[in-house]
Amino acid sequence: MSIADIPPFFLAWLRNPRSIAAVAPSGARVAALMTQDIGSATGPVMELGPGTGAFTYSLLKRGVRERDLTLVEFSADFVQLLKSRFPQARVLKMDATRLADFKLFDRAAVGAVVSGLGFRAMQPEQVTAILSGAFKYLRPNGAFYQITYGPRCPVPDSVLDHLSLNSAHIGRTVWNIPPASVYRICRSDDCA
């Protein structure tokens, strides 16, 4: 987490605390954990709720080209920040529950989705809509990576079953405020 990220993050949280999932921007260790399976060969990556761009910077370090990033952010404050920090990325101001309502890509072109959204604070219907939309754009064998601050996968088992998805715990770091875990979610047919 950069010191420069604290003021815009805090202001966005003050404006709408229910829409910001964390109390502070994600740190470098959880960003590295979140992106450890992603690299230049992954191809286009969609990021949901990038906020100040902690995961975005980590994706770039892993070799994902900036022009291969689609950043989906609801907060107008963060959208402007992301556009200035990542001018070659496609930054979309939209509600991630509406992903399936739009044609963001010509086909299932995305190799990975990285999510900083607060699934634990959402209704199962919202989580279902986000995952359905994201998997509409994911290639076969593509994966959805989700951060959580809780003790288990933030996607309810009923949602995973309904969408024929499986989750696997990737790892946990206490070097984040608050400590965080990352889960990899994939289609049941694609999971090993």
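Residues numbered from 1 in each chain as written. Predicted model: local features only at pLDDT ≥ 70, side-chain atom pairs only at ≥ 80, totals over all residues. Heavy atoms only, no water.

Considering the environment of Thr35
Then comes step 1: With respect to the element layout, Thr35 can be found in helix H2 (residues 28-35).
Then comes step 2: Measuring from C-alpha to C-alpha, the distance between Thr35 and Leu59 comes to 6.2 Å, with 24 residues separating the pair along the chain.
Then comes step 3: Setting aside its immediate chain neighbours within four residues, Thr35 contacts Phe55, Ser58, Leu59 and Arg62.
Then comes step 4: Polar contacts involving the side chain of Thr35 include one to the side chain of Ser58, which spans 2.7 Å. (Helix = DSSP H or I, 4+ residues; strand = E, 2+ residues; numbered from the N terminus. Contact = heavy atoms within 4.5 Å. Polar contact = N/O pair within 3.5 Å; in protein donor to acceptor, adjacent residues only side chain to side chain.)

Re unusual backbone geometry
Then comes step 1: Unusually for a residue other than glycine, Asn141 sits at a positive phi of about 70°.
Then comes step 2: As for its position among the elements, Asn141 is in strand S5 (residues 138-148).
Then comes step 3: Even without glycine at this site, Ser164 takes up a positive phi of about 55°.
Then comes step 4: Tracing the sequence through the fold places Ser164 in the loop between helix H6 (157-162) and strand S6 (165-173).
Then comes step 5: You can call Ser164 partly exposed: its relative accessible area is 43%. (Buried < 20%, exposed > 50% of the residue type's maximum accessible area, 1.4 Å probe, protein only.)

What to know about H2
One turn of an α-helix holds 3.6 residues; hence residues three or four places apart share an orientation.
Then comes step 1: For H2, the set of buried residues is Val30, Ala31, Leu33, Met34 and Thr35.
Then comes step 2: The inward-facing, buried residues of H2 contact helix H3 (54-61), strand S4 (110-115), S5, S6 and strand S7 (180-187).

As for the environment of Arg187
Then comes step 1: Tracing the backbone shows Arg187 in strand S7.
Then comes step 2: Here Arg187 falls in the partly exposed class, since its relative accessible area comes to 22%.
Then comes step 3: Expressed as a C-alpha distance, the spacing of Arg187 and Phe135, which sit 52 residues apart in the sequence, is 8.4 Å.
Then comes step 4: Look past the residues within four positions of Arg187 in its chain and what remains in contact with it is Phe135, Leu138, Arg139, Pro140, Asn141, Gly142, Ser164 and Leu165.
Then comes step 5: A distance of 2.8 Å separates the side chain of Arg187 from the backbone oxygen of Leu138, its partner in a polar contact.
Then comes step 6: Within the structure, the side chain of Arg187 is placed 2.9 Å from the backbone oxygen of Arg139, a separation counted as a polar contact.

Re the packing of aromatic side chains
Then comes step 1: A complete count under the given rule lists four aromatic pairs for this structure.
Then comes step 2: Between Phe105 and Tyr137, the aromatic rings sit 5.4 Å apart at their centres with planes inclined by 65°, giving edge-to-face as the arrangement. With Phe105 in the loop between strand S3 (90-93) and S4 and Tyr137 in helix H5 (residues 124-137), the pair connects residues that are 32 residues apart, well separated along the chain. With respect to burial, Phe105 and Tyr137 carry one shared label: buried. (Phe/Tyr/Trp six-rings, centres within 6.5 Å; stacked < 30°, edge-to-face > 60°.)

A look at the pattern of salt bridges
Then comes step 1: For the structure shown, the criterion picks out three salt bridges.
Then comes step 2: The partner of Asp68 in a salt bridge is Arg65, with the nearest N and O atoms 2.8 Å apart.
Then comes step 3: Since its relative accessible area comes to 17%, Asp68 is described here as buried.
Then comes step 4: Between Arg152 and Asp157 there is a salt bridge; the shortest N-O distance is 3.6 Å.
Then comes step 5: What makes Asp157 partly exposed here is its relative accessible area of 46%. (Salt bridge = Lys/Arg side-chain N within 4 Å of Asp/Glu carboxyl O.)

Observations concerning the sheet that holds S4
Then comes step 1: The strand order S3-S2-S1-S4-S5-S7-S6 describes an open sheet built from seven strands, whose pairing is mixed. Sheet topology places S3 and S6 at the edges, where each strand pairs with a single neighbour. Across the sheet, the mean angle separating the axes of adjacent strands is 20° when strand polarity is ignored.
Then comes step 2: Note: S4 against S5, five bridges, orientation parallel. Opposite Val113, over in S5, you have Phe144 as the bridge partner.
Then comes step 3: Seen against the sheet, H2 touches S4, S5, S6 and S7 and runs at an angle of roughly 150° to S6.
Then comes step 4: Here H5 sits on the sheet in contact with strand S1 (45-48), S4, S5, S6 and S7, set at roughly 145° to S5. (Pairing = 2+ DSSP bridges. Axes fitted to C-alpha atoms, helices over the stretch in contact; angles between N-to-C directions.)

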